[in-house]
Amino acid sequence: MLANKKILICVTGGIAVYKAVALVSKLSQAGADVKVVMTKSAMEFVTPLTFQAMSRNDVYFDTFDEKDSRVIAHIDLADWADLVIVAPATANVIGKVANGISDDMVTTVLLATTAEVWFAPAMNVNMYEKRSVIRNIDTLAKDGYRFIEPSEGFLACGYVGKGRLEEPEKIVKLVQENFVPKNLPLTGKKVVITAGPTRERIDPVRYVSNFSSGKMGYAMAEAATKLGAKTILVSGPVSLNPPSGVQVIHVESAAEMFEAVSRNYDDAEIVIKAAAVADYRPAEIHPQKIKKSDSDSVINLERTTDILKTLGERKQQQILVGFAAETENVIENGMGKLERKNLDFIIINDVTDPDGGFGNDTNVVTLLSKNGTNKLYPAMPKNDLATLLLEAIIEEVKVGNSHDR
Ligand code: CTP
């Protein structure tokens, strides 16, 4: 999510410095390139080595220690950053920056940068409420600096009140939201995608399932996210890494998938059911492992809920997209499913095609819509195909607007 984003963390001296370590670690884990600048007071709490290990980058604290003779470090760092966060921000650094003072590495970089700067204050509640501090915060806010308000609670000084550095997880979330590209076709839209097979238990060691790899659903989730969507991926058991920026809900059975999708249905804009849901499950799950005997055995199967059909019956604003695997009369069968399940689109796999189907990295599909679209997509990688399909769906819904449902 934060890949290729350059974030400079300015650490100033307060007990909350330990939380800045977690912040740097979490930002790095989210893919950001993080560099750290520290004040001398911050180094009283945590050594630069800790931040160096967490960020895998040099840590800067001395304006006159030029590590690279080809550049001036404070200008180079100031220019490098896409975003600068002062965390924890003491009353001292807030006061200095509000008044244009630059007398150490942190304040010199802050003066030199043209990147957006956020302050995450942390201090004693009485300091935070002091008129001079409020005045300095107001000045900075008017100058375009952003503040991440401290939260309330127990303060290290023994007081209870406002002054705790915001939790690192929340700061990371704000950073991620900041970098979500705006004005993409699916920005702000919730897209729910299902992927993979379901497993229907027979007993504690056996199940009924199918060969779905989940690749097409995962590719659709990645494409939706790249087009700006808030993507929820409801995934059966697969051996794929979730695409970055996607919220994954892991499920096992058709019943669990139904529950997870239903929970996320009401405010969804687009729902894509790429999962190969088991149509039948064992009528009874044996609590103990079934022992073999010399005679043959029969497992009675009962129908699972047709999730897509149920969603079709409950459809409001949602654009509903189904998948179908066909071996003959591909278009007729696909069209039949589109109508029976009250879908807006159906993506049909001709599973007899050697370039398509389960497990392959490529796929060949036909996209049908209830407005009459009938488009064949020749063999191509599932990632490319997912983007083309989503773009076609977005375009038709936007242009068509005649999707009366
Ligand atoms: N589907 C579902 N719940 C089920 C079965 C299927 O939501 N219990 C969804 C799948 O995710 C897919 C579509 O319905 O989007 C597939 O429709 P389906 O009628 O099951 O078609 P096929 O799997 O192709 O099976 P068949 O041809 O036997 O009807």
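Every chain is numbered independently, its residues counted from 1 as its sequence is written. A pLDDT threshold of at least 70 governs which residues receive local features in this predicted model, and a stricter bar of 80 or more applies before side-chain atom pairs are shown or counted, although totals over entire chains, interfaces and linings include all residues. Here the side-chain values reflect all heavy atoms present in the structure, with hydrogen atoms and water set aside.

### Here's the deal with the site of the ligand
Logical step 1: We call a residue near a molecule or strand when any one of its heavy atoms sits within 4 Å of it. Within the structure, the ligand sits among 15 residues, and Lys 273, Ala 275, Thr 305, Leu 308 and Lys 337 are positioned closest to it.
Logical step 2: One of the backbone N or O atoms of Ala 275 is found 2.7 Å from an oxygen atom in the ligand.
Logical step 3: Between N or O atoms, a polar contact is any pair within 3.5 Å; within protein, one atom must be a potential hydrogen donor and the other a potential acceptor, and residues adjacent in sequence are included only when both atoms are from side chains. Ala 325 is positioned such that a nitrogen or oxygen atom in its backbone is 3.1 Å from an oxygen atom of the ligand.
Logical step 4: Protein contacts shield 76% of the accessible area of the ligand, which totals 580 Å² for the unbound molecule.
Logical step 5: We count a stretch as a helix when DSSP gives it H or I for four or more residues in a row; a strand needs E for two or more, and each element gets its number in order from the N terminus. Ranked by residue count, the leading element in the shell around the ligand is strand 17 (residues 319–326), at three residues.
Logical step 6: Here the residues of the shell around the ligand sort into seven nonpolar, three polar and five charged. Computed by Shrake-Rupley with a 1.4 Å probe, the accessible areas treat only the displayed protein chains as cover when residues are assessed. For this classification, the nonpolar set comprises Ala, Val, Leu, Ile, Met, Phe, Trp, Tyr, Cys and Pro, the charged set comprises Asp, Glu, Lys and Arg, and every other residue, Gly included, is treated as polar.

### Quick look at the sheet that holds strand 3 (residues 59–60)
Working definition: the strands of a sheet are paired by backbone hydrogen bonds and lie parallel or antiparallel to each other.
Logical step 1: Two strands qualify as a pair provided that DSSP identifies no fewer than 2 bridges between them. The strand order 3-2-1-4-5-6 describes an open sheet built from six strands, whose pairing is parallel. Looking at strand neighbours, the two that pair on one side only are strand 3 and strand 6 (146–147), the edges of this open sheet.
Logical step 2: Where strand 4 (residues 83–89) and strand 5 (residues 116–121) come together, five bridges link them in parallel fashion. Note that in strand 5 the partner of Val 86 across the bridge is Phe 119.

### Some remarks on the packing of aromatic side chains
Any aromatic ring pair is given by two values, namely how distant the centres are and how the planes are angled relative to each other.
Logical step 1: A pair of aromatic rings is counted whenever rings of Phe, Tyr or Trp (Trp by its six-membered ring) have centres within 6.5 Å, and the orientation is called stacked for planes under 30 degrees apart, edge-to-face for over 60 and tilted otherwise. Applying the stated rule across the entire model yields two aromatic pairs.
Logical step 2: Between Phe 119 and Phe 147 the ring centres are 5.3 Å apart and the planes differ by 15°, which places this aromatic pair in the stacked class. Taken as a pair, Phe 119 in strand 5 and Phe 147 in strand 6 lie far apart in primary sequence, 28 residues in all.
Logical step 3: Categorising residues by exposure relies on relative accessible area from a 1.4 Å probe, with only protein chains included: less than 20% of the type maximum marks a residue as buried, more than 50% marks it as exposed, and the intermediate range marks it as partly exposed. Overall, Phe 119 belongs to the buried group, its relative accessible area being 0%.
Logical step 4: Every member of this aromatic cluster is reached through a ring pair, and the members are Phe 119, Tyr 145 and Phe 147.

### Brief notes about unusual backbone geometry
Residues other than glycine predominantly adopt negative phi, and peptide bonds predominantly adopt the trans conformation.
Logical step 1: A cis geometry characterises the amide bond from Ala 87 onward to Pro 88, with omega recorded as -10°.
Logical step 2: One non-glycine residue, Asn 4, lies in the positive phi region at around 70°.
Logical step 3: Positionally, Asn 4 belongs in the segment before strand 1 (6–11).
Logical step 4: A positive phi angle is found at Arg 56, which is not glycine, with a value near 55°.
Logical step 5: Tracing the backbone through its elements, the reader meets Arg 56 in the loop between helix 3 (48–55) and strand 3.
Logical step 6: By relative accessible area, which is 74% here, Arg 56 ends up exposed.

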